[in-house]
Amino acid sequence: MADGGWQQVRYGRRGRSRRRTDTYRPQFQDQDWSSWDRGGRGPGGKDRAYLCPPQGGRGHVIMLLKVKYQSSKKYIRLQPGFTYLEFISEVKNKFGLPDVTELHIFDETDTAVEEDIFLELIEANPDICLTVCDSAAGDAHSTSSSLTDTMSLSSSDSDLHRDLGIPVTGSRLSTGAKNKPTTEVSESEAAKEMVENALRIKPGGEDVLEEYKSEKSLQHRTRRQLVNILASHMTEMHGRIPSRKQKEKYALGIITLFPSLKDPFSPKGYEHFYDGEKGTGYLAWRLKTMSRSRDRRPEKVATSPQAQGPNRRRSTVTVPQQLDGDACREAVSFLLHCNDETVIFEKMKMTFQHRQNLVHDPQRTTDVLKTFPRFLDIKGLLNQDFQLLFGAETASKLLEKWEIAFKPKIIDEARHLTRSAEVHQLLKAAEKLATNDETNWDSDMASLLLLLHLLPPTAGRKRTKISPCDAVDKMVHFHKSNCSIDEHLRKREGKQPYILAVGRTQNNIHQFYIVVDKHLIPCQATSSLGAFDELFKSHYVFNLSYDESLVQLYTFVQTAIYSIDATTTSGSPRVCELRAKFFN
């Protein structure tokens, strides 16, 4: 065999003989094989974590590394010369974990594997099975739940579910809690026991426990029942006005007893049940409802958080050389008359910082489309500015993740909504069951509108609550192609951006626009999902606040899909609850 490479290693039912050279396993960094055959079962009946090249073959080496996360074990495919960070990224993609998840790695002896020795460990033992835990479960990691090494390169049913973005829930590691600080474990366990005991002695509590046991989640109706039971128990045990510490203990007990209700994007995970800093959450609201007829407590003064989302001024490190002074003014003037799209895109890149200064100046923010009118006739400029703000990876997340990771879960969750005529029609369109119905949107837009029903508008001090159906027009408006667009714009009020879908029917749109303060920006996308992608991005490019009726929907998209300010943006309990269902 040339150059000391591998020959094919074969194992079969009729015998376990093998042919190999003295070099049984190559160094994966230095080899380059042209094609591979899947290895069979190795000595001892264990699967090998690598592939064997044909005799004399040369080409491209792909490393297969066995990784376990919670109760699932999979192979991770790694390219030659991979790094520690690339391995972490592949693990997150394989197991459908959020990009913001912090992972810890352990070997088969439960020893932590750090970045500086990671590659040496893999080189020395390519057959190793690494265990990864997120930051919440990392401290609770235990060696007591080892799995057999036997596996097949064809995915199991649970692997297929994870690859499709469908969560495979399993029991949390309870024995691993011994590695946590004693005080933290005792507080969590005490809170868990308190909540469980309250549910067992209160009417309806057993129903809550049984539903979670069978479904690994709670429907909205059952979650409200849970909150009502615990709020009642709290007032019985601690009086009319429980302390902040007592309310936090109940909230901690809820997410400890019901792990899938924990919000992975908030600091403590239970802020949607009770946030001590703001005095908000399901428990706080229920207690306030129960005590409305009693003496009012002094309102808690919350500190003003730093602006997040589209109104935050961001520093950009990937922008090309920027023009200023006379050079910038000349470029802006040049853009007004240039007809070469390539040159227009380049000049728009070089004036990006000037445009950011413009939109963040309260006195001049409305002038941006007058100063840069090429947004109104050149498709793609909006996408370019968003990419300069956040990078190509963030800019592509919605289009990459929607079909597999989010759309099926939204449809599944929407099946538990009250079946109004609108919800029923949207479900049929989202599942592509409605045929030849010109009044239905396409599947992607229907699923986006179902998300709006899952995260409906809320009432505020200065606004009345409107229904999701009324809020639809604030996100997308269908306009027949034979009607005047100018007349529509004259009648439309408000400055918040929305999609104008122009076509013969709602499921046959031939042009999408983003309308910003009565200005039409043509979408580069030709699909409804692409149009929504550009609608969301327009808030950041032009420094526009979310429409108050769509704040919950946009906050979910911002934090859960694009991962923008995910850990610092304050989401409503409804948003946190839906994120917990999707990521646990």
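Residues numbered from 1 in each chain as written. Predicted model: local features only at pLDDT ≥ 70, side-chain atom pairs only at ≥ 80, totals over all residues. Heavy atoms only, no water.

1. Considerations on the pattern of salt bridges
Pairing of side chains with opposite charge becomes possible as their charged atoms draw close.
Then step 1. Applying the stated criterion across every chain yields a total of 22 salt bridges.
Then step 2. Among the ionic pairs, Arg 579 bridges to Asp 263, the shortest N-O distance being 2.5 Å. One end of the pair, Arg 579, is in helix α23 (residues 573-583); the other, Asp 263, is in the loop between α8 (244-257) and α9 (282-290), with 316 residues separating them in the sequence.
Then step 3. Assessed through its relative accessible area of 1%, Arg 579 is described here as buried.
Then step 4. Put simply, Arg 355 and Asp 385 hold a salt bridge, and the shortest N to O gap is 2.8 Å. Residue Arg 355 is located in helix α12 (residues 352-359), and its partner Asp 385 is located in helix α14 (residues 381-390); the two are separated by 30 residues in the primary sequence. With respect to burial, Arg 355 and Asp 385 carry one shared label: buried.
Then step 5. Three or more residues are tied together by salt bridges with common partners; here these are Arg 244, Glu 248, Lys 268 and Glu 277. (Salt bridge = Lys/Arg side-chain N within 4 Å of Asp/Glu carboxyl O. Helix = DSSP H or I, 4+ residues; strand = E, 2+ residues; numbered from the N terminus. Buried < 20%, exposed > 50% of the residue type's maximum accessible area, 1.4 Å probe, protein only.)

2. A look at the sheet that holds strand β1 (residues 63-69)
Then step 1. Here four strands make up an open sheet; going across it, the order is β2-β1-β4-β3 and the pairing mixed. Looking at strand neighbours, the two that pair on one side only are β2 (72-78) and β3 (103-106), the edges of this open sheet. Direction aside, neighbouring strands of the sheet carry axes that sit 35° apart on average.
Then step 2. By the bridge criterion, four bridges tie β3 to strand β4 (residues 129-134) in an arrangement that is antiparallel. Looking at β4, one finds that His 104 is bridged to Cys 133.
Then step 3. Where helix α1 (residues 84-95) meets the sheet, it contacts β1, β2, β3 and β4, and its direction lies at approximately 130° from that of β2. (Pairing = 2+ DSSP bridges. Axes fitted to C-alpha atoms, helices over the stretch in contact; angles between N-to-C directions. Contact = heavy atoms within 4.5 Å.)

3. Points about the packing of helix α17 (residues 421-430) against helix α18 (residues 443-454)
Then step 1. Between α17 and α18, whose axes approach to 8 Å, the crossing angle comes to 140°. By the angle between their directions, the pair α17 and α18 is classed as oblique. For α17 against α18, the interelement crossing comes out left-handed. Within the contact between the two elements, α17 uses Glu 422, Val 423, Leu 426, Leu 427, Ala 429 and Ala 430 and α18 uses Ser 443, Ala 446, Ser 447, Leu 449, Leu 450 and His 453.
Then step 2. Residues that form the contact of α17 with α18 fall into these classes: eight nonpolar, three polar and one charged. (Parallel < 35°, antiparallel > 145°, perpendicular 65-115°, else oblique. Left-handed = near helix turned anticlockwise from the far one by under 90°. Nonpolar A, V, L, I, M, F, W, Y, C, P; charged D, E, K, R; others polar.)

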